Amino acid sequence: MHPWEAYQGIYLHIPFCQHKCSYCDFISYQGQDGAARARYVKALIREIRSYDAPLPVSRGATVYVGGGTPSLLSLEELAAIFHALKEKGYLHSPREVTFEANPGTVDEAYLRGLRALGVDRLSLGIQSLEDSELRLMGRTHTADEARHIILLSKKVGFTRLSCDLIYGYPTQTAASVEASLTELMALGPSHISIYGLSVEPGTVLSHNLRQGRWILPTDDETGNMYDLIMDRLVKGGYERYEISNFAKAGDKSRHNLVYWHYNPYLAFGAGATRFDGRTRENNPAYLAAYERGEAPEIECLSPAVQREEMIFMNLRTVRGLSLLDYEARFGRSFAFDYGPQIENLIHKGWAKWEDGHFCLTPLGMQYGNLAFEAFITTD
């Protein structure tokens, strides 16, 4: 069986947070009390129990608990969610179980409880190790709390730690980004995700930029940040395996590779999107609608859209697109389908052929979105 013929991952969305960050447009809700969280957990478990997957679920399917801030749920609530997955036959021997947590929301007992539930990887929303930047981002933690959660996680036995950083935010400089990155690497996470700032409509960030209260770094300044980040991570022993993701040997995110390899995945929760290879189902984003059990929106993807999406998801990775996988999945030749686009990207120095794969060069990864657009048809 090909990997795209079974669900390879399971995502659980926990849409609660203490305070919505100024840059965030994710589906999340602040100020919800324990009773609201309990209602949501009940609805989530009901969805898991009632959903009949049209494809088999791989015995090794990864699990990712994301948000929001999943660490606002109690260990008992998380245990009940995991039990529902096992009852349904969706959770067997996962290759990886990742849990997102924010500094300041967990203690040692909670982390030990996560390990007892089978969580073997933590994804920590650090974003910066400069307090002034954290305040501007609307983060609820301090730099000291970020340092503490990394050290505490390692103390209780989490050897697989991923930490996020943002660059290109208002007030950031190359020196401040370098300081955060240098200190973070010294703390020793096995995986680092670095995200260039994206200004999303409807966010506090977008509003303040429009009002002239905040100013973004210039393109040259963010370019310098990017070059510095690439240099420091490589020298620090982190291997780039996707546009924004870097890992020590053997510690790539197995769950996120499910997405980047364009394989099917299940997803449960408000606003969650699942994918079976041909169809996407988008759950209602509003809590009340989700808790009422309103049906998801269904999006049927044409063969052309499937091909395009597989190409640009695969091209996010250093491995790139396997010509054999493309042909096996679609019964067509990638080189025949996209000859002019391929030639153009190679001519620009943005792409190359390597060991039966078409992949972006480091320069192509710097201009990733422009490279992806070459494979999107307009008709």
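Up top you'll find the structure we're talking about.
Residues numbered from 1 in each chain as written. Predicted model: local features only at pLDDT ≥ 70, side-chain atom pairs only at ≥ 80, totals over all residues. Heavy atoms only, no water.

On to the pairing of strand 7 (residues 161-167), then. With seven of seven residues buried, strand 7 is to be regarded as a mostly interior element. By the alternation rule, side chains of strand 7 split into Leu161, Cys163, Leu165 and Tyr167 and Ser162, Asp164 and Ile166, which are all buried. Relative to strand 7, strand 6 (residues 121-127) is paired through four bridges, and the arrangement is parallel. Its bridge partner lying in strand 7, Leu124 is registered against Cys163. Across six bridges, the pairing between strand 7 and strand 8 (residues 191-196) is parallel. (Buried < 20%, exposed > 50% of the residue type's maximum accessible area, 1.4 Å probe, protein only. Helix = DSSP H or I, 4+ residues; strand = E, 2+ residues; numbered from the N terminus. Pairing = 2+ DSSP bridges.)

A word on the packing of aromatic side chains. Considering all chains together, one arrives at 23 aromatic pairs under this definition. A ring pair is formed by Tyr51 and Phe268, whose centres lie 5.9 Å apart and whose planes are at 80°; its orientation type is edge-to-face. One end of the pair, Tyr51, is in the loop between helix 1 (34-50) and strand 4 (57-67); the other, Phe268, is in strand 11 (residues 265-268), and 217 residues separate them in sequence. For the pair formed by Tyr51 and Phe268, the shared burial category is buried. Plain terms: the ring middles of Tyr169 and Trp214 are 6.3 Å apart, the flat faces sit at 55° to each other, and that makes the pair tilted. Of this pair, Tyr169 sits in the loop between strand 7 and helix 6 (174-187) while Trp214 is found in the loop between helix 7 (204-210) and helix 8 (219-235), placing the two residues 45 residues apart along the sequence. Assigned by exposure class, Tyr169 and Trp214 land together as buried. One aromatic cluster is present, formed by Tyr326, Phe330, Phe334, Tyr338, Trp353, Phe358 and Phe375 through successive ring pairs. (Phe/Tyr/Trp six-rings, centres within 6.5 Å; stacked < 30°, edge-to-face > 60°.)

Within the fold, Thr317 resides in the loop between helix 11 (303-314) and strand 15 (321-322). We classify Thr317 as buried; its relative accessible area is 1%. Non-local contacts of Thr317, meaning those with residues more than four positions away in its chain, are made with Tyr241, Glu242, Trp260 and Met365. (Contact = heavy atoms within 4.5 Å.)

Across all of its chains, the model carries 20 salt bridges by this definition. A salt bridge links Arg160 to Glu96; its shortest N-O distance comes to 2.9 Å. Of this pair, Arg160 sits in the loop between helix 5 (143-155) and strand 7 while Glu96 is found in the loop between helix 2 (75-88) and strand 5 (97-101), placing the two residues 64 residues apart along the sequence. Judged on exposure class, the residue Arg160 and its partner Glu96 are both buried. Where Arg319 meets Asp325, a salt bridge forms, and the shortest distance between an N and an O atom there is 3.3 Å. Looking at Arg319, the relative accessible area reads 35%, which means it is partly exposed. (Salt bridge = Lys/Arg side-chain N within 4 Å of Asp/Glu carboxyl O.)

Note on sheets: strands pair through backbone hydrogen bonds, and any given pair is parallel or antiparallel. Here we have three strands laid out as an open sheet, ordered 15-17-16, and antiparallel in their pairing. Lying at the two open borders of the sheet, with one neighbouring strand each, are strand 15 and strand 16 (351-354). As paired strands, strand 15 and strand 17 (residues 357-360) are joined by two bridges and run antiparallel to one another. Bridging across to strand 17, Leu321 finds its partner in Phe358.

Most often, soluble globular proteins have nonpolar side chains that are buried together. The biggest cluster of nonpolar side chains holds 67 residues, and the ones touching the most others in it are Leu12 and Phe268. Here the element with the most residues in this core is helix 1; it accounts for six residues. Beyond its immediate chain neighbours, meaning those up to four positions away, Leu12 contacts Ile48, Val63, Tyr64, Val65, Gly66, Ile81, Phe82, Leu85 and Phe268. Ile243, Val258, Leu315 and Met365 belong to the second largest nonpolar core, which has 24 residues in total. (Core = buried A, V, L, I, M, F, W, Y, C linked by side-chain atoms within 4.5 Å.)

The next point concerns the environment of Gln306. Within the secondary structure layout, Gln306 lies in helix 11. The buried category is assigned to Gln306, whose relative accessible area is 10%. For the pair Gln306 and Gln172, spaced 134 residues apart in sequence, the C-alpha to C-alpha distance is 38 Å. In this view, Gln306 contacts Tyr262, Gly277, Arg278, Leu301 and Phe330; residues no more than four positions away in its chain are not counted. A distance of 2.9 Å separates a polar atom in the side chain of Gln306 from the backbone oxygen of Leu301. (Polar contact = N/O pair within 3.5 Å; in protein donor to acceptor, adjacent residues only side chain to side chain.)

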